[in-house]
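# Notes for the structure review
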Amino acid sequence: MERKEKGMGIKARRLLAYIVLIIISILCLIWFYILFINATRSKGELTQGFTPIPSTHALENWVNVYNGTLPIFRGMINSLIVALSSAVVSTYFSTMTAFAIHAYDFKIKNAVFTFILMIMTIPTQVTALGFIELVQKMGLEDNYIPLIVPTIAAPVTFFYMKQYMDSVLPLSLIEAARIDGAGEFRIFNQIVVPLMKPAIAVQAIFTFVSSWNNYFTPALVLHKENMKTLPILIAQLRGADFLKFDMGQVYMMIAFSIFPVIVIYLILSKYIVGGVTLGGVKG
């Protein structure tokens, strides 16, 4: 009798968990649905309120965006260059930093770890003025270097990598590789990086999305039209005067801009569950 009641209790909790997950999933996905619905509607239809049924103006909105004055395809390429480069350098060098803290024992190890975590509390806006002055002095305006190189120092990514490394990378494995004569870079690239693939994939997605959606820093650094990223172009489209403003075009351009993010997510999604789960558990 007790087993039966316990089994029913487990089933009830499982059913409740599924219901909650379904509700959360709907709440997360409904905004994408609204976006794609609005991308099919005209300016006049959008002023009349929301309707769950798609309209017939998707092609018209796309043609207006494509034939407009903003270089959207060039903006897409610019965003891809910045976001992909940032994802690669951020995950690689954050993993390397985490490996140094994890595998080596030196006097200021704890102080370095604490210092890196303290940097996480500093907002980007606080350092923006000094950053822009440095960029101007170095002559790097209208250049992607100031948007890519600083992502090497990513405290949040480093912390996640360190937690994951504590779970999957025993020091005995590193010592065995050293005894076999492997150099430190070989150990890192051929042993550590393959073990860290799930974590690297998860953080690559997060870094890519963060860089892709970043408006603040690129808007301060990029001024030439052919160098601007998609968030800047979307802001320009929204900031058009009343006669040129078309909310249908804005929705279509936003839908266009999130397509690469969806593709990247689908490519790397198989690593997310395992990567997030192990990254939150210390062995």
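Values in this document were obtained by computation on a predicted structure and should not be read as measured data.

### Some thoughts on the overall build of the protein chain
When helices and strands are tallied, the protein chain shows 15 helices and zero strands. Within the protein chain, the fraction of its 283 residues that count as buried is 36%. For the protein chain, the share of sequence-separated contacts (at least 6 apart) that also reach a separation of at least 24 residues comes to 74%. Carbon and sulfur atoms make up 69% of the accessible area of the protein chain, which amounts to about 17200 Å² in all.

### So, helix 10 (residues 184-195)
Its 12 residues give helix 10 an end-to-end C-alpha distance of 15 Å, which sits within 8% of 16 Å, the value for a rise of 1.5 Å per residue. Along helix 10, the residues classified as buried are Ile187, Phe188 and Val192. Along helix 10, the residues classed as buried sweep out an arc of 95 degrees about the axis, all on the same side. Of the exposed residues in helix 10, those oriented more than 90 degrees away from the buried face are Phe185 and Gln190. The inward-facing, buried residues of helix 10 contact helix 4 (72-103), helix 8 (155-168) and helix 9 (171-179).

### Quick look at the layout of surface pockets
By volume, the largest pocket amounts to about 1300 Å³. Taken together, the elements giving at least two residues each to the lining of the largest pocket come down to helix 4, helix 5 (109-119), helix 6 (124-137), helix 7 (145-148), helix 8, helix 11 (197-213) and helix 12 (216-221). Classifying every residue of the lining of the largest pocket by side-chain character gives 23 nonpolar, 15 polar and no charged.

### A short note on helix 6
Between its first and last C-alpha atoms helix 6 spans 19 Å; for 14 residues at 1.5 Å apiece the expected length is 20 Å, and the two agree. Of all the bends in helix 6, the largest measures some 35 degrees and sits at Gly130. Regarding helix 6, the residues found buried are Ala128, Ile132 and Val135. Here the buried face of helix 6 lies against helix 7 and helix 12. Positive phi appears at Gly139, one or two residues downstream of helix 6, with a value of about 65 degrees.

### Topic: unusual backbone geometry
A positive phi angle is found at Asp142, which is not glycine, with a value near 55 degrees. On the secondary structure map, Asp142 appears in the loop between helix 6 and helix 7.

### Regarding a nonpolar patch on the surface
A surface patch of nonpolar side chains, about 890 Å² in accessible area, is lined by Tyr18, Leu21, Ile22, Ile26, Ile30, Trp31, Tyr33 and Phe50. With respect to the helices and strands, the residue Tyr33 is situated in helix 1 (residues 2-38).

### Quick word on the pattern of salt bridges
Taken as a whole and judged by the stated rule, the model has four salt bridges. For the salt bridge of Asp166 with Lys162, the shortest nitrogen-to-oxygen distance reads 3.1 Å. Placement of the pair is Asp166 and Lys162 together in helix 8, with a separation of four residues, close to one helical turn. Neither Asp166 nor Lys162 differs from the other in exposure class; each is buried.

### As for the side chain of Lys109
Mapped onto the secondary structure, Lys109 falls in helix 5. For Lys109, which is buried and forms no salt bridge, the nearest opposite charge comes from Asp105, at a distance of 4.7 Å.

### Side note on the packing of helix 11 against helix 14 (residues 247-268)
Contact geometry for helix 11 and helix 14: axes closest at 10 Å, N-to-C directions at 175 degrees. By the angle between their directions, the pair helix 11 and helix 14 is classed as roughly antiparallel. Residues Ala201, Ala204, Ile205, Phe208, Val209 and Trp212 of helix 11 form the contact with helix 14, whose own contacting residues are Ser257, Pro260, Val261, Ile264, Tyr265 and Leu268. Residue classes in the contact of helix 11 with helix 14 are distributed as 11 nonpolar, one polar and no charged.

So, how was this worked out
Residues numbered from 1 in each chain as written. Predicted model: local features only at pLDDT ≥ 70, side-chain atom pairs only at ≥ 80, totals over all residues. Heavy atoms only, no water. Helix = DSSP H or I, 4+ residues; strand = E, 2+ residues; numbered from the N terminus. Buried < 20%, exposed > 50% of the residue type's maximum accessible area, 1.4 Å probe, protein only. Contact = heavy atoms within 4.5 Å. Areas by Shrake-Rupley, 256 points an atom, 1.4 Å probe, with all protein chains shown as cover. Expected span 1.5 Å × (residues − 1). Arc of directions from axis to C-beta. 1 Å grid on protein atoms, 1.4 Å probe; cavity = no way out; pocket = protein on both sides within 12 Å on 5 of 7 lines; lining within 4 Å. Points joined across faces, edges and corners; volume = space filled by probe spheres on them. Nonpolar A, V, L, I, M, F, W, Y, C, P; charged D, E, K, R; others polar. Bend = angle between axes of the 7 residues up to and from the residue. Patch = residues over 30% accessible without salt bridge, like charges linked within 9 Å, V, L, I, M, F, W, Y side chains within 5 Å. Salt bridge = Lys/Arg side-chain N within 4 Å of Asp/Glu carboxyl O. Lys, Arg positive; Asp, Glu negative; His and termini not counted. Axes fitted to C-alpha atoms, helices over the stretch in contact; angles between N-to-C directions. Parallel < 35°, antiparallel > 145°, perpendicular 65-115°, else oblique.

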